[in-house]
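Below are the chains, spelled out letter by letter.
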Amino acid sequence: MRIAIIGAGTVGRGLARAATGCGHEVVIAARHPEHAAMAAQEVEARSGQTAAEAARGAEGAIVVDPTNPDEPDLSAILEARLSVAEEIAILLPDNHVVKAFNTVLGQRLTDPVVNGIRLDGFYAGDDPGAKAVVAQLIAAMGFRPLDAGALPAARALEHLAYLNINLNARKGWSWSSGRKLLGDTGEDAPRARG
Ligand SMILES: NC(=O)c1ccc[n+]([C@@H]2O[C@H](COP(=O)([O-])OP(=O)(O)OC[C@H]3O[C@@H](n4cnc5c(N)ncnc54)[C@H](OP(=O)(O)O)[C@@H]3O)[C@@H](O)[C@H]2O)c1
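Residues numbered from 1 in each chain as written. Predicted model: local features only at pLDDT ≥ 70, side-chain atom pairs only at ≥ 80, totals over all residues. Heavy atoms only, no water.

Looking at the ligand, there are 19 residues lining it, with A8, V11, H32, H35 and G106 nearest. Between the ligand and the protein, one listed contact pairs an oxygen atom with a backbone N or O atom of A8 at 2.8 Å. Note that an oxygen atom of the ligand is positioned 2.6 Å from one of the backbone N or O atoms of H32. Coverage of the ligand by the protein chains reaches 67% of its 900 Å² of free accessible surface. Residues belonging to the shell around the ligand are distributed by class as follows: eight nonpolar, nine polar and two charged. (Near = heavy atom within 4 Å. Polar contact = N/O pair within 3.5 Å; in protein donor to acceptor, adjacent residues only side chain to side chain. Areas by Shrake-Rupley, 256 points an atom, 1.4 Å probe, with all protein chains shown as cover. Nonpolar A, V, L, I, M, F, W, Y, C, P; charged D, E, K, R; others polar.)

Turning to unusual backbone geometry, a few remarks are in order. Positive phi is not limited to glycine here, since E44 has a value of about 60°. Assignment of secondary structure puts E44 in the loop between α2 (33-43) and β3 (46-47). For E44, a relative accessible area of 73% gives the class exposed. Despite not being glycine, F101 shows a phi value in the positive range, around 75°. Along the chain, the position of F101 falls in the loop between β5 (97-100) and β6 (113-114). When its relative accessible area of 6% is taken as the criterion, F101 is described as buried. (Helix = DSSP H or I, 4+ residues; strand = E, 2+ residues; numbered from the N terminus. Buried < 20%, exposed > 50% of the residue type's maximum accessible area, 1.4 Å probe, protein only.)

On to the sheet that holds strand β9 (residues 144-149), then. A sheet is described by the order of its strands in space; here four strands give the open sequence β4-β5-β8-β9, paired in mixed fashion. Where the open sheet ends on each side, the last strands, each with one partner, are β4 (63-65) and β9. The sheet shows a mean angle of 30° between the axes of neighbouring strands, direction not considered. Note that strand β8 (residues 120-125) and β9 share five bridges and pair parallel. (Pairing = 2+ DSSP bridges. Axes fitted to C-alpha atoms, helices over the stretch in contact; angles between N-to-C directions.)

If you look at the biggest cluster of nonpolar residues, it comprises 29 residues, and the most contacted ones within it are V26, I28, F101, I138 and M141. It is helix α6 (residues 128-140) that provides the largest number of residues to this core, a total of five residues. Setting aside its immediate chain neighbours within four residues, V26 contacts I3, I5, A16, A19, T20, A45 and R46. Counting five residues, the second-largest nonpolar core is a separate cluster that includes F122, A124, A153 and L157. (Core = buried A, V, L, I, M, F, W, Y, C linked by side-chain atoms within 4.5 Å. Contact = heavy atoms within 4.5 Å.)

In this fold, A154 is placed in helix α7 (residues 154-171). Once residues lying within four places of it in the same chain are set aside, the contact partners of A154 are S83, A85, K99 and A124.

Here we come to the sheet that holds strand β2 (residues 25-29). The sheet built from three strands is open, its strands ordered β1-β2-β3 with parallel pairing. Each edge of the open sheet is held by one strand with a lone partner, namely β1 (2-6) and β3. Note that β1 and β2 share five bridges and pair parallel. Following the sheet pairing, I3 is matched in β2 by V26. This element, α2, spans β2 and β3 of the sheet and lies at about 155° to β2.

Here it is, written out as C-alpha cells:
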C-alpha cells in the first residue's frame, strides 16, 4: 500500500516506522520539510516538501485520522460537539475518513503487545471497504482491530484518548499505558496468538 503521513512528530514517526515495517511504501511530510526528511531517513521512507506533495495522487484515497483535539486545556476534548474525524469528513467529502490510532500512545505504535496481551486498535468510519483496509493495517501492525462503529463513534475514541492522556499527565505515568477490553469481546482471546 502507498501511505502518505502528514506529521513527522511522535505519531508520524511511529506510524511511519510501523507501516514501513509491514512492507508499505511511505512518504512523510511536515510543516518543516527538514523534519520530514529526518523522519523519513530514520524509518527508511521518502519525504515530501509539503503535505500536498506527499499526498499527490491520493485523490479519493482513504484518510486515516489519528489525531486528538490538541488544546492546552484537555477539557476541550470533552466539550467538542464533533470529533476531529467528522470535521475532516466535512472538509473532504470525496474521501472516506477512518478514525484510528488516536487511542494509542506514541511509543505503543511500534510496541503493541503488553505482557503477552495484544492491545486493541479501535477504529471508526462510515465506509465498510475503507474500514476493512484500515483494519488490515491495524492488524499487520500487531494490534487487535476493534470496529467501534460509524464515524460519530470517533467522539468516543477521542474521549478514550483523553482518559489515557489525562491519567498519564496527572499521575506521572510513563506514557506507555495501552487499552485492552477483556472478557467476552468476541473476536479473539485476550492473550496474543503465536
Ligand atoms: N503523542 C502521542 O502519544 C499521541 C497519540 C495518539 C494521538 N496523538 C495525536 O496525534 C497528533 C500528533 O501528535 P504528535 O504527538 O505526533 O505531535 P508532534 O510530535 O507535535 O508532531 C506534529 C507534527 O505535525 C506536523 N504538522 C503540524 N502542522 C502541520 C501542517 N500544517 N502541515 C504539515 N505538517 C504539520 C509538525 O511539523 P513540524 O515537525 O515541521 O513542526 C510535526 O511534525 C495530535 O493531534 C495528538 O493529539 C498523539
